[in-house]
Amino acid sequence: MYGQKKRKIRVYQLMKDVYALRQGDLSVTDFYATLKSKWEDLDYCSDDTWNCPQDQMHYVAKEWENRIFLFLAGLNDEFENVRSQILNSEEAFSIEDVYSRVEAEEQRHLIDVGQAEVSDDVKVNHALAISGEKGNSCMGEWIVDSGAIHH
């Protein structure tokens, strides 16, 4: 009886953690890994016995569908588009498919942000060069050749 009480407390705490978990500052990979670890702990605590294999298969399918919903619900708002695409699709996705799609979207977002930062750096350098052409041959640490013969 003590073991059963301890198991219930452990399952309760795991479920509470899973339902409260949000991506926040975590990467998609870290968020998914944290959820997956909690799900594995929950699976380990399960002591269900099944009389009918079809009922077990149906239960497992529903459980994974719920896990997909928990993963999607915990994602940051920046993933709303991919979340909507997945939820509005007629296709049935596995949790791995869902994770892969969201992670790919995160990578696209990181590339876009990286290109925007590079683009901003190019704009700043270009602006410094233009300033130099208007008579300023020295801007901070930048020396811009204005094309004059005598420097």
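Residues numbered from 1 in each chain as written. Predicted model: local features only at pLDDT ≥ 70, side-chain atom pairs only at ≥ 80, totals over all residues. Heavy atoms only, no water.

Draft legend 1. Just the overall build of the protein chain, in detail. Check the secondary structure of the protein chain and you find five helices and two strands. Traced from its N-terminal end to its C-terminal end, the protein chain shows the element sequence α-α-α-α-α-β-β. The 151 residues of the protein chain split such that 21% are buried. If you take every contact in the protein chain between residues at least 6 apart in sequence, the share linking residues at least 24 apart comes to 60%. For the protein chain, the exposed surface amounts to about 11200 Å²; the carbon and sulfur share of it is 53%. (Helix = DSSP H or I, 4+ residues; strand = E, 2+ residues; numbered from the N terminus. Buried < 20%, exposed > 50% of the residue type's maximum accessible area, 1.4 Å probe, protein only. Contact = heavy atoms within 4.5 Å. Areas by Shrake-Rupley, 256 points an atom, 1.4 Å probe, with all protein chains shown as cover.)

Draft legend 2. Focus on the pattern of salt bridges. All told, the structure shown has seven salt bridges when counted by the stated rule. Arg67 serves as the salt-bridge partner of Glu63, at 3.5 Å between the closest nitrogen and oxygen. With Glu63 and Arg67 both in helix 3 (residues 53–74) and four residues apart, the pair spans about one turn of that helix. Each member of the salt-bridge network shares a partner with another, and the members are Asp43, Glu63 and Arg67. (Salt bridge = Lys/Arg side-chain N within 4 Å of Asp/Glu carboxyl O.)

Draft legend 3. Structural view of the packing of aromatic side chains. Throughout the structure, instances matching the rule amount to five aromatic pairs. Relative to Trp64, the ring of Trp39 lies with its centre 6.1 Å away and its plane at 80°, an arrangement referred to as edge-to-face. Here Trp64 lies in helix 3 and Trp39 lies in helix 2 (residues 28–45), a separation of 25 residues in the sequence. Classification of Trp39 by relative accessible area gives buried; the value is 2%. For Trp64, a relative accessible area of 33% gives the class partly exposed. By the ring-pair criterion, three or more aromatic residues cluster together here, those being Phe31, Tyr32, Phe71 and Tyr99. Seen from the ring of Trp64, Arg67 lies directly overhead, with NZ or CZ sitting 4.7 Å from the centre. (Phe/Tyr/Trp six-rings, centres within 6.5 Å; stacked < 30°, edge-to-face > 60°. Lys NZ or Arg CZ within 6 Å of the ring centre and 35° of its normal.)

Draft legend 4. Looking closely at the packing of helix 2 against helix 3. Contact geometry of helix 2 with helix 3 gives a least axis separation of 11 Å together with a crossing angle of 145°. At the point where helix 2 passes helix 3, the crossing takes the right-handed sense. Packed against helix 2, whose contacting residues are Val28, Phe31, Tyr32, Leu35, Trp39 and Asp43, the element helix 3 presents Trp64, Arg67, Leu70, Phe71 and Gly74 at the interface. Considering only residue class, the contact of helix 2 with helix 3 consists of eight nonpolar, one polar and two charged. (Axes fitted to C-alpha atoms, helices over the stretch in contact; angles between N-to-C directions. Left-handed = near helix turned anticlockwise from the far one by under 90°. Nonpolar A, V, L, I, M, F, W, Y, C, P; charged D, E, K, R; others polar.)

Draft legend 5. Seen up close, the nonpolar core. Core analysis: the biggest nonpolar cluster contains 23 residues, and Trp39, Phe71, Leu72, Leu75, Val98 and Val102 have the highest contact counts within it. Counting residues per element, the ones that place at least two in this core are helix 1 (2–20), helix 2, helix 3, helix 4 (80–88) and helix 5 (95–133). Broken down by element, this core gets its largest block of residues, seven residues, from helix 2. Sequence-distant contacts of Phe71, defined by excluding residues within four places in its chain, comprise Val28, Phe31, Tyr32, Leu35, Trp39, Ile95, Val98, Tyr99 and Val102. (Core = buried A, V, L, I, M, F, W, Y, C linked by side-chain atoms within 4.5 Å.)

Draft legend 6. Seen up close, helix 2. Relative to the 26 Å expected for 18 residues at 1.5 Å per residue, helix 2 spans 26 Å between its end C-alpha atoms, a close match to the ideal helical length. If you check which residues of helix 2 are buried, you get Val28, Phe31, Tyr32, Leu35, Trp39, Leu42 and Cys45. Viewed end-on, helix 2 has its buried residues packed into an arc of 145°, placing them on one side of the element. (Expected span 1.5 Å × (residues − 1). Arc of directions from axis to C-beta.)

Draft legend 7. Summary view of the side chain of Arg67. The class of Arg67 is buried, set by a relative accessible area of 3%. In contact with Arg67, not counting residues within four places along its chain, are Trp39, Asp43 and Ile95.

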